[in-house]
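So you can see what is in the structure, the chains are spelled out below.
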Amino acid sequence: MLIKSKKKSELVESQVTDEAIYYSRRKVLKQLGFVGASALIAGNSLPKLAWANSNSSFKTTALDFKKSQYSDIQDKLTPEQKVISHNNFYEFGAKKDQPAELAQNFKVDPWQLKITGEVDKPFTLDYNELFSSFTIEERIYRLRCVEAWSIVIPWLGFRLADVLKKAQPNSKAKYVAFKTLHDPKQMPGQSNRYLGGGIKYPYVEGLRIDEAMNDLSLLSVGLYGKTLPPQNGAPIRLVTPWKYGFKSIKSIVEIKLVERKPKTTWNKLAPNEYGFYANVNPEVDHPRWSQASERRLTGGGLFARNRIETQMFNGYGEEVADLYKGMNLRKNY
Amino acid sequence: MRNSVKIFLLKTVIHCAAFIPAAIMYYLAIMDKLGSDPVEEIIHFTGISALNILLLTLLISPMAKYLKQGWLVNVRRLLGLYAFFYACLHMLSFLFFELQFDFSLFIDEVIERPYITVGMCAYAIILMLAFTSWSKIRSKMGKKWQTLHNYNYLLVTLVCIHFYWSVKSEIIEPSIYFILLFFLLYQRKDKFKRWFKR
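Everything numeric here is computed off the predicted structure, so don't read it as measured data.

Remarks on the overall build of chain A
Turning to step 1, where the next piece is worked out: In terms of helices and strands, chain A carries 12 helices and 13 strands.
Turning to step 2, where the next piece is worked out: For chain A, the proportion of its 333 residues judged to be buried stands at 55%.
Turning to step 3, where the next piece is worked out: Summarising the internal contacts of chain A: among those between residues at least 6 apart in sequence, 72% fall at separations of at least 24.
Turning to step 4, where the next piece is worked out: Carbon and sulfur atoms make up 51% of the accessible area of chain A, which totals about 15,800 Å².

Comments concerning the side chain of serine 290 of chain A
Turning to step 1, where the next piece is worked out: With respect to the secondary-structure elements, serine 290 of chain A resides in the loop between helix H11 (265-269) and strand S12 (293-296).
Turning to step 2, where the next piece is worked out: If we skip the residues at most four places from it in the chain, serine 290 of chain A touches Ala148 and Asp285 of chain A together with Leu105, Glu109 and Arg113 of chain B.

Points about the pattern of salt bridges
Residue and element names in this part refer to chain A.
Turning to step 1, where the next piece is worked out: Evaluation of the coordinates by the stated rule reveals 28 salt bridges over all chains.
Turning to step 2, where the next piece is worked out: A salt bridge links lysine 247 to glutamate 205; its shortest N-O distance comes to 2.8 Å. On the criterion of sequence distance, the pair formed by lysine 247 in the loop between strand S10 (237-239) and strand S11 (252-258) and glutamate 205 in strand S7 (residues 204-208) is long-range, its members being 42 residues apart. Across this residue pair, the class does not change: lysine 247 and glutamate 205 are buried.
Turning to step 3, where the next piece is worked out: Between glutamate 294 and arginine 296 there is a salt bridge, and its shortest N-O distance comes to 3.5 Å.
Turning to step 4, where the next piece is worked out: The buried category is assigned to glutamate 294, whose relative accessible area is 2%.
Turning to step 5, where the next piece is worked out: Exposure remark for arginine 296: the relative accessible area of 9% places this residue in the buried category.
Turning to step 6, where the next piece is worked out: Here the salt bridges do not stand alone but share partners, grouping Asp75, Arg142, Arg144, Glu294 and Arg296 into one network.

Considering the UniProt feature "binding site: Mo-molybdopterin" (unreviewed entry) in chain A
All names here are of chain A.
Turning to step 1, where the next piece is worked out: Within the UniProt annotation, "binding site: Mo-molybdopterin" (unreviewed entry) is assigned to Asn87, Tyr90, Glu91, Cys145, Thr180, Asn232, Arg237, Ser248, Ile249 and Lys250.
Turning to step 2, where the next piece is worked out: By the element assignment, asparagine 87 lies in the loop between helix H4 (80-83) and helix H5 (98-102).
Turning to step 3, where the next piece is worked out: At 3.3 Å, the side chain of asparagine 87 forms a polar contact with the backbone oxygen of valine 83.
Turning to step 4, where the next piece is worked out: Along the chain, serine 248 turns up in the loop between S10 and S11.
Turning to step 5, where the next piece is worked out: Leave out the neighbours within four places in its chain, and serine 248 touches Arg237, Leu238, Val239 and Thr240.

Re the state of the cysteines
Residue and element names in this part refer to chain B.
Turning to step 1, where the next piece is worked out: All chains considered together, the criterion is met by 0 disulfides over all chains.
Turning to step 2, where the next piece is worked out: With no disulfide partner, cysteine 88 has as its closest neighbouring cysteine sulfur the one in cysteine 121, 16 Å distant.
Turning to step 3, where the next piece is worked out: Left unpaired, cysteine 121 is separated from the closest cysteine sulfur, that of cysteine 160, by 15 Å.
Turning to step 4, where the next piece is worked out: We classify cysteine 121 as partly exposed; its relative accessible area is 39%.

Considerations on the interface of chain A and chain B
Think of interface size as the accessible area that goes away when the parts come together; that is how it is often given.
Turning to step 1, where the next piece is worked out: The partner chain B presents 47 residues to the 49 residues of chain A that form the contact.
Turning to step 2, where the next piece is worked out: Between chain A and chain B, a total of about 4,200 Å² is buried, with carbon and sulfur atoms accounting for 57% of that surface.
Turning to step 3, where the next piece is worked out: Linking chain A with chain B are 8 salt bridges, by the criterion used here.
Turning to step 4, where the next piece is worked out: Of the charged contacts in the structure, one is a salt bridge between lysine 95 of chain A and glutamate 173 of chain B, with a shortest N-O distance of 3.4 Å.
Turning to step 5, where the next piece is worked out: Within the residue set of the side of chain A that touches chain B, elements represented by two or more residues are helix H1 (19-31), helix H2 (34-42), helix H3 (46-49), helix H9 (193-196), H11 and S12 of chain A.
Turning to step 6, where the next piece is worked out: In terms of residues, the side of chain A that touches chain B owes the most to one element, H2 of chain A, which gives 6 residues.
Turning to step 7, where the next piece is worked out: Of the residues contributing to the side of chain A that touches chain B, the split by class is 22 nonpolar, 15 polar and 12 charged.

Here is what the cut-offs are and how they apply
Residues numbered from 1 in each chain as written. Chains lettered and ligands numbered in written order. Predicted model: local features only at pLDDT ≥ 70, side-chain atom pairs only at ≥ 80, totals over all residues. Heavy atoms only, no water. Helix = DSSP H or I, 4+ residues; strand = E, 2+ residues; numbered from the N terminus. Buried < 20%, exposed > 50% of the residue type's maximum accessible area, 1.4 Å probe, protein only. Contact = heavy atoms within 4.5 Å. Areas by Shrake-Rupley, 256 points an atom, 1.4 Å probe, with all protein chains shown as cover. Salt bridge = Lys/Arg side-chain N within 4 Å of Asp/Glu carboxyl O. UniProt positions renumbered as here; feature names shortened; annotations may be inferred. Polar contact = N/O pair within 3.5 Å; in protein donor to acceptor, adjacent residues only side chain to side chain. Disulfide = S-S within 2.5 Å. Buried area = accessible area lost by both parts, 1.4 Å probe. Nonpolar A, V, L, I, M, F, W, Y, C, P; charged D, E, K, R; others polar.

Structure follows, in structure tokens:
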């Protein structure tokens, strides 16, 4: 017999507002002139009211995948709706809800991902090859943003190491440089400073080759069983769960093996705030955010008790701590 | 229409436009219907609202002069108190929902993060202004009251700096607020000149 104990916080069906009532409430609010009144106070917050019923028009498709050893973690998953509507993807707007709103018409097919640089066999993957060239597995990872919030996501993807090995890096390949698509016509943040938060495009990131070859480094092509929505970095993005979220570059068009440490976008913008390594480290604060603890976004609204202590390397020390042996992580943040 | 009626009507509008949105936003945030991170949403909403209302308080007297509608000055205290109301919500939301009652972390943050230090200085000022807003206290304080309430200019400036320092890289919105602030302070240039002559 399956014995299920219910948590206090769990909702029962009867507590869920009926969709029709939910929408009629919104209508009443509008008729009350609330929208006008609150626009006076904080026009910015209005789009968020549409959050729960935003329909994304971008079509994702289900993917075949196998479970991996990383599919089995204790942390509660962040609801899919939150994962796909809470995004730092400045190419589609610097506010968290803008990418989900502004990226829906993003064209991911055709796509070309070049693997190039200090390799013996450079190659290019087209859109279909992104999904057919490597075995796709599911990995549930914690993602920790430098802004001190975190989420838990079931990614689908393959090891970055497998991709790099296929290209056969030569002895000069010491670092891996990544580049996001630069297409101001499609990515409004790249042509509009107000939307794009004033950072330089295209977005670039980098890893040391041993970091890139680590088993945890994933090139993700999906989440929650389906291909990635554009706001999460479709069609292919990097996931390095022991580092702050901004290292996980989205919508990659080029992976280049290089001899020297590559430039990274946030490091260029504010080197005293964002280092090259960006390893999650509760002992080294960002000037604006204490990194000792974080808020795990799951559900439950304003009163959710979700502040937790941040773990060294986001809890992945067993897998990655060796990479930084003998390094001063206060200096190499 | 008599001025007292106009004042009454405008105050009613201010109550509705300021109080109802706060109530609705908190309701939505509690029900987890306010975006994917209701905590961040509510902190941002209350902060920006406080700043917007503060700027409105600075707009009142130039507007009253320009439109020759002296009665407008009568709603300034109410606006100021709503700015205080939102500032309280902003600070308390940060403490209760962002830091989840971790008081020692709160104190660390106030000391260590310059933008929070500035925010708390601003909060200390608005607290003083709010507590001296009663007519009785005002008449007791006499000339000192005006001196104290001139700190409103410093207060709004600190809030703009607080906002500017709190953002990661998107400086356009804070810049717009600095421009508004400069415009509103410029309206008082004669007053400032007089201060410095003395």
